[in-house]
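Residues per chain are reported as follows:
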Amino acid sequence: MRKKATLITGAAGEVGQALVERVSQQENTHIISMDIKPLPPELDSKVQHIVGDILDKSLFNRLVSEYDITHIYHLAALLSTSAEYQPMLAHDINVGGTMQLLQLAAEQSEWKRNPVKFIFPSSVAAFGMGSLENKAANPRPQEWEWNNPITMYGCNKLYGETLGIYYSNHYKQLADDNPTMLDYRCVRFPGLISAYTVPSGGTSDYGPEMLHAAAQGKPYACFVRESAAISFMAMPDAVTSLIQVASAPREKLKHQIYNITAFSLSAEEFAEYVKKHFPDAEITYESDINRQRIIDSWPIDMNDDAARRDWGWNPDYDAERAFSEYLVPNIRKRYES
Ligand code: AKB
């Protein structure tokens, strides 16, 4: 009999590392993590890590011959700013990689007659507000509103959502609620902030970059204007949301795509939180036209009422608590040592 396992792709990334840490605390879960990069040594010993390419089909064929994969957290992606520099590569990874994993999950679900759970982090980048006037007039869009992304990454995430719905509801036009179809669950993340890792390649990165620079006593030139506003979330909440949506009873889930958010801040409000804890922080604003355009296209906040209602989503950290209890104390420790 094959050994049961949970697969986490993109495991060496920001969310990946935090998720590996948390899932490895669950008893009786064999974790296979995967990334093109190795894991940091403190995580590597907790899982079976494979350094490999998400597009390598033979690697997955070998995996399923040995393991019964019950859960897939598919985190591997090229983020919004990086994807604008390499749109073809972004499409290959973000769409091709997702397609490969969905196909694997679909085949395994059909073969076992037991659905593989497929957890997909989408993004606020799936929205496209069209103009600053629309952004101001529609601060909390619902999941299905304003789905006009202007980035390659946003297009890829929105299509990844659509593919997930196809594979879990319409694959080969099998009947509805067929037990052999995979079980697809998706959350749309806002900008995420970790105390332990610094993001790279995203457009919401100015928030965490500002904070990590201040903690190191370095000046920071923010690449969006003071008034630019989007929503953010502390990393522990992001990981909690993935685990919660994965374990929610299926009958409670009225949707497959859920907005989730914790707090919304303008760049200036973000800087005020940073300065409250690091009064000497030197923060200036040098708006980058392209990255500014991307942030302007994302909503100020997201309507996450459905997630709250259906599976009890309720972030532990509002802005005040995120800074004072999670971010600042841990970031201070990180740079002191
Ligand atoms: C990015 O900025 O690309 C990501 C995201 C909001 O999905 N952090």
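Computed from a prediction, not measured in an experiment: that's the story for all the values here.

### Digging into the site of the ligand
Now for step 1: Near the ligand, the surroundings consist of L79, S80, S123, V124, Y153, G202, T203, S204 and W298.
Now for step 2: Backbone polar atom of T203 to an oxygen atom of the ligand: 2.6 Å apart, as the coordinates give it.
Now for step 3: Here a nitrogen atom of the ligand and a side-chain polar atom of S204 are 3.0 Å apart.
Now for step 4: Burial of the ligand by the surrounding chains reaches 91%, relative to a free accessible area of 250 Å².
Now for step 5: With respect to the pocket detection grid, the ligand is positioned in the largest pocket.

### Structural notes on helix α11 (residues 289-297)
Now for step 1: For α11, the complete set of buried residues consists of R291, Q292, I294, I295, D296 and S297.
Now for step 2: Elements in contact with the buried residues of α11: α4 (80-85), α6 (132-137), α8 (206-215) and β9 (229-234).
Now for step 3: For α11, the capping residue at the N-terminal end is D288, with a side-chain oxygen 3.1 Å from the backbone nitrogen of N290.

### Description of the layout of surface pockets
Now for step 1: Reported here for the largest pocket is a volume of approximately 1,100 Å³.
Now for step 2: Taken together, 44 residues line the largest pocket, and the ones lying closest to its centre are G13, E14, L75, A77 and L79.
Now for step 3: At the level of secondary structure, the elements contributing two or more residues to the lining of the largest pocket comprise α1 (14-23), β2 (31-35), α4, β5 (117-123), α7 (152-169) and β7 (191-193).
Now for step 4: Here the lining of the largest pocket gets four residues from one element, more than from any other, and that element is α1.
Now for step 5: Among the residues forming the lining of the largest pocket, the class breakdown is 22 nonpolar, 16 polar and six charged.

### So, α7
Now for step 1: Between the first and last C-alpha of α7 there are 26 Å, a value that for 18 residues agrees with the 26 Å anticipated at 1.5 Å per step.
Now for step 2: Of all the residues in α7, the buried ones are Y153, G154, N156, K157, L158, G160, E161, L163, G164, Y167 and S168.
Now for step 3: Packed against the buried residues of α7 are α4, α5 (87-112), β5, β6 (183-189) and β10 (257-259).

### A word on empty space enclosed by the protein
Now for step 1: In the structure shown here, the tally under the stated rule is one cavity of 30 Å³ or more.
Now for step 2: Looking at the lining of the largest cavity, the elements with two or more residues in it are α5 and α7.
Now for step 3: In terms of residue class, the lining of the largest cavity is built from three nonpolar, four polar and one charged.

Cut-offs used in this document
- Residues numbered from 1 in each chain as written.
- Predicted model: local features only at pLDDT ≥ 70, side-chain atom pairs only at ≥ 80, totals over all residues.
- Heavy atoms only, no water.
- Near = heavy atom within 4 Å.
- Polar contact = N/O pair within 3.5 Å; in protein donor to acceptor, adjacent residues only side chain to side chain.
- Areas by Shrake-Rupley, 256 points an atom, 1.4 Å probe, with all protein chains shown as cover.
- 1 Å grid on protein atoms, 1.4 Å probe; cavity = no way out; pocket = protein on both sides within 12 Å on 5 of 7 lines; lining within 4 Å.
- Sits in = over half its atoms within 2 Å of the grid points.
- Buried < 20%, exposed > 50% of the residue type's maximum accessible area, 1.4 Å probe, protein only.
- Helix = DSSP H or I, 4+ residues; strand = E, 2+ residues; numbered from the N terminus.
- Contact = heavy atoms within 4.5 Å.
- Points joined across faces, edges and corners; volume = space filled by probe spheres on them.
- Nonpolar A, V, L, I, M, F, W, Y, C, P; charged D, E, K, R; others polar.
- Expected span 1.5 Å × (residues − 1).

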